[in-house]
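Chains, contacts and geometry: an overview
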Amino acid sequence: MRAFAVTVLLLLTYAVPPAQAREVTPPVILWARCPEDATVQCGTMRVPADWADPYGPTILLTIARRPATDPKQRLGALLVNPGGPGGSAVDFTFDATTFFSAELRKHFDIVGMDPRGVGRSSPVLCSQDLVDAKPNPLVTSERDYLAVIGYNRRLAADCAARSGPVFGHVDTLSVVRDVEAVRVALGDEKISFYGASYGSLIGEQYAERYPQRLRALVLDGVMDHSAGLATFLIQETAAAQDSFDEFVKWCARDAQCVLRGRDIPALWATLVARAKAGTLRNPYDKADKLNVADLAEAAFAAFYEPQWYSFAYYLKDAAGLTAKRRIAPPPPPPSVDITDHSFPAVICSDWYLPITGFRDLRRRLDILAGRAPQMLASPLALAATVGCLGWPVAPANPQRPLVVPPGSPPMLLIGSRHDPATAYIWAQRVAHQLRPVADLLTYEGWGHVVYNRSPCVAAAADAYLISLKHTPPGTACPAIEPSPFGVG
C-alpha cells in the first residue's frame, strides 16, 4: 500500500434526520504531488462506510488527478475506472498517458478514485493462504458443493475481520455515492465518465442516479446488470467459447501460430483429459499441477487482449510438443500473509445468483458444457456464481433493468464483437435499456476493452467526449489483427 502525502477531510451530511441535523460542511480536497508521479496530484477523503448511516464509521478513499495538459481548452474532469472489480483507478490515472489519446488529455483532468474496498481505498483484506486455497469451481459432487459453501463462509468471515467497516458496503451503488462526493469535492457542476468493464456498471448507475450531474458517459466493455442467473451464465459462457473459436480460426490463417495445421480442439481435449486425471502441469512451472478450471482460466486470460501468439506456445508446451528444454522455474513469490481481495465481496453485493443446491448447479454446468465444448463455462461467470454460494451478506444492489431518467445526457457504449468477458449482446441489451440517449459503437474484432486497441474506436470516443459528437446507428470499427505482442 503506497502512502500519500496528504489527507483530506470530507464531512458529508446527506439524508440526516432532523434530530441529528448539523451544519453542512462543503467538501474540500487539498491536492499534493503523488510520490509515484510528480505530474499527478493525489489526495484522500473520508466518507461514511454506510451511506444510510452518515454519522457512523467512516472509510478512507484515495483519488488521483492528472491535470489537463492545455488549461485553456479544459472541459472539466473525466472520472475513470478500469473495472475488475478490483482494478485501481489511481493506477489507471498514473498510466493515462499510455491509454488515452494526447488530444483527449488536453481537454480533461483525468481523475481516478479507487472504489471503496479496492487498492488504496480502505481495501478488503484477506488471508493470502485462504485466498490461495480456493476450491475448484467445476463442482462434481455434493461433497465438493458443501466444501465450496464452507470455504466461501470462512473467506467472508476472515475478510470481514481484517477489513473493518468497509466490508458489507462495497456494492456499486455505494461507490456511485462516493463518485458524487468526489464531484462535489472537485467543485465541478458536471463530470464526464469513462468506465471500462466492471467500471461500466459504476457509470450506468451514476447516470441513473445523478443524470443532471453527468456531461458525458463512455462505457467500454459493457456490463448488463439486468441479466438473471440463467442469462448471465449462458451469455457469459457463449462469449468465452466464441473467443476460443476465434483463436482456432486465427491459428488456421496466421503463419505465426506455432500450432498452425494441428487439430486444436483435439489437442485441447487431450489436455483436458490430463487435467482431469491430475497429470497436467503448468509448462512453465512444473511444480504447479493444473485442473480443468485452471486450464480454462489460462485460455480466458489470453483472450482479453488477445494474446493468441503466446497462448499457442503455452498449449504446445503444455502438450509436450516442443523440443525439451530446461526452463528455470520462476522464483517463489515473497511470503504475504494478507492480500487485497475485493472481488467476491463486490460481486456478491451486486449480483443475486441463486443456486438451490448441488443438483441445480450440476444441471446448469452440464447445460453450459453442452454449449461450450472447450471452455465448458465462463471462468468469470463461475467465479461469480460459485464464489457467492453461501456468502453471508445478501446483495445490496441486485440486478434490475436500467431506467433512463429525464435530463440524461447522450451516452456512448462500445462493444467488441468477440469480447470474452462482457458479451457483445450485453452492450446491445444495455443500449436498448438506455434508448434513446445511448449510441452503440461496435468494434468488429477481438478482446475486452478496446479504446486503446483501435484508433477508430478512440477517435469516435474522443469526438464524443470532447465535442459530444453523436455516433450514428450501426457505426462499426474494423477489426485489427492481434500482433505477436498481444496488441493490435
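Residues numbered from 1 in each chain as written. Predicted model: local features only at pLDDT ≥ 70, side-chain atom pairs only at ≥ 80, totals over all residues. Heavy atoms only, no water.

Below, the discussion takes up the sheet that holds strand S2 (residues 41-48). Judged by pairing direction, the sheet is mixed, and its 10 strands sit side by side in the order S1-S2-S3-S5-S4-S7-S8-S12-S13-S14 without closing on themselves. Either end of the sheet is taken by a strand with one partner, and the two such strands are strand S1 (32-33) and strand S14 (476-477). Sheet analysis places strand S13 (residues 438-446) next to S14, joined by 2 bridges and oriented parallel. Looking at the pairing, tyrosine 443 lines up with cysteine 477 of S14. Docked against the sheet, helix H15 (residues 424-433) engages strand S12 (411-418) and S13, running at close to 155 degrees with respect to S12. Where helix H16 (residues 455-467) meets the sheet, it contacts strand S4 (76-81), strand S5 (108-113), strand S7 (191-196), strand S8 (214-220), S12, S13 and S14, and its direction lies at approximately 165 degrees from that of S8. (Pairing = 2+ DSSP bridges. Helix = DSSP H or I, 4+ residues; strand = E, 2+ residues; numbered from the N terminus. Contact = heavy atoms within 4.5 Å. Axes fitted to C-alpha atoms, helices over the stretch in contact; angles between N-to-C directions.)

We now examine the environment of arginine 429. Position of arginine 429 among the secondary structure elements: in helix H15. Residues arginine 429 and methionine 223 lie 206 residues apart in sequence; the distance between their C-alpha atoms is 9.5 Å. If near-sequence neighbours (up to four positions away) are discounted, arginine 429 is found in contact with Asp224, Ser226, Ala227, Thr231 and Gln235. A distance of 2.4 Å separates polar atoms of two side chains, one belonging to arginine 429 and the other to aspartate 224. (Polar contact = N/O pair within 3.5 Å; in protein donor to acceptor, adjacent residues only side chain to side chain.)

What follows is about the confidence of the model for the protein. Any region with low pLDDT has predicted coordinates that should not be read closely. Scored by pLDDT, the protein has a mean of 92; 91% of the residues are at 70 or more. Long-range and interchain partners of residues 1-21, a stretch whose pLDDT sits below 50, account for 53 contacts in this model, where long-range means more than four residues apart. Taken as a whole, residues 323-327 scores under 50 in pLDDT and shows 3 contacts with residues more than four places along the chain or in a different chain. (pLDDT = per-residue confidence, 0-100.)

Within the largest apolar cluster, 118 residues are counted, with the highest numbers of intra-cluster contacts made by Leu79, Phe232, Phe247, Phe311, Leu315 and Leu413. It is helix H8 (residues 229-253) that provides the largest number of residues to this core, a total of 9 residues. If near-sequence neighbours (up to four positions away) are discounted, leucine 413 is found in contact with Leu219, Val222, Ala427, Val430, Ala431, Leu434, Ala438, Asp439, Leu440 and Leu441. (Core = buried A, V, L, I, M, F, W, Y, C linked by side-chain atoms within 4.5 Å. Buried < 20%, exposed > 50% of the residue type's maximum accessible area, 1.4 Å probe, protein only.)

Glancing now at the pairing of S5. With respect to burial, S5 is a largely interior element, 6 of its 6 residues being buried. The two faces of S5 match: Phe108, Ile110 and Gly112 on one face and Asp109, Val111 and Met113 on the other face are all buried. Of the strand pairs in this sheet, strand S3 (residues 58-66) and S5 are connected by 4 bridges, and their pairing is antiparallel. Bridge assignment links isoleucine 63 to a residue of S5, and that residue is methionine 113. Here S4 pairs with S5 via 5 bridges, running parallel.

A word on the state of the cysteines. A complete count under the given rule lists 5 disulfides for this structure. With its sulfur 2.0 Å from that of its partner, cysteine 348 forms a disulfide with cysteine 388. Its S-S torsion of approximately -105 degrees makes the covalent link between cysteine 348 and cysteine 388 left-handed. Placement of the pair is cysteine 348 in helix H12 (residues 343-350) and cysteine 388 in the loop between helix H14 (379-385) and S12, with a sequence separation of 40 residues. Assigned by exposure class, cysteine 348 and cysteine 388 land together as buried. The disulfide bridge from cysteine 456 ends at cysteine 477, spanning 2.0 Å between sulfur atoms. Here cysteine 456 and cysteine 477 share a disulfide; its torsion about the S-S bond, -75 degrees, makes the bridge left-handed. Pair noted here: cysteine 456 is in helix H16 and cysteine 477 is in strand S14, with a separation of 21 residues, a long-range link. Looking at cysteine 456, the relative accessible area reads 31%, which means it is partly exposed. We classify cysteine 477 as buried; its relative accessible area is 1%. (Disulfide = S-S within 2.5 Å.)

All chains considered together, the criterion is met by 27 aromatic pairs. With a centroid separation of 5.5 Å and an interplanar angle of 20 degrees, the aromatic rings of phenylalanine 99 and tyrosine 451 are classed as stacked. You can see phenylalanine 99 sitting in helix H2 (residues 96-99) and its partner tyrosine 451 sitting in the loop between S13 and H16, a full 352 residues away along the chain. Comparing phenylalanine 99 with tyrosine 451, the two get one shared label, buried. Each ring, one from tyrosine 145 and one from phenylalanine 358, has its centre 6.5 Å from the other, and the planes form 65 degrees; the classification is edge-to-face. Highlighted residues: tyrosine 145 in helix H5 (residues 142-163) and phenylalanine 358 in helix H13 (residues 358-371), separated in sequence by 213 residues. Taken as a pair, tyrosine 145 and phenylalanine 358 share a single burial class, namely buried. Within the aromatic cluster, the residues linked to one another by ring pairs are Phe244, Phe247, Trp250, Trp268, Tyr284, Phe303, Trp308, Phe311, Tyr314 and Trp446. (Phe/Tyr/Trp six-rings, centres within 6.5 Å; stacked < 30°, edge-to-face > 60°.)

Overall, the coordinates contain 18 salt bridges when judged by the stated rule. In this structure, lysine 134 and glutamate 297 form a salt bridge, with 3.8 Å as the shortest nitrogen-oxygen distance. Placement of the pair is lysine 134 in the loop between helix H4 (128-132) and H5 and glutamate 297 in helix H10 (residues 292-302), with a sequence separation of 163 residues. Glutamate 297 sits in the partly exposed class, given a relative accessible area of 29%. (Salt bridge = Lys/Arg side-chain N within 4 Å of Asp/Glu carboxyl O.)

Let us look at empty space enclosed by the protein. Using the criterion set out here, one finds 8 cavities of 30 Å³ or more in the structure. Estimates place the volume of the largest cavity at around 120 Å³. Taken together, 15 residues line the largest cavity, and the ones lying closest to its centre are Pro85, Pro115, Tyr198, Ile202 and Val346. Those elements that provide at least two residues to the lining of the largest cavity are helix H6 (172-186) and helix H7 (199-209). Broken down by class, the residue content of the lining of the largest cavity amounts to 8 nonpolar, 6 polar and 1 charged. Of the voids in this model, the second largest cavity is the one considered here, and its volume is about 60 Å³. Taken together, Leu79, Val80, Asn81, Val111, Gly112, Met113, Pro115, Val175, Val179, Phe193 and Ile202 form the lining of the second largest cavity. Elements with a minimum of two residues in the lining of the second largest cavity: S4, S5 and H6. In terms of residue class, the lining of the second largest cavity is made up of 9 nonpolar, 2 polar and no charged. (1 Å grid on protein atoms, 1.4 Å probe; cavity = no way out; pocket = protein on both sides within 12 Å on 5 of 7 lines; lining within 4 Å. Points joined across faces, edges and corners; volume = space filled by probe spheres on them. Nonpolar A, V, L, I, M, F, W, Y, C, P; charged D, E, K, R; others polar.)

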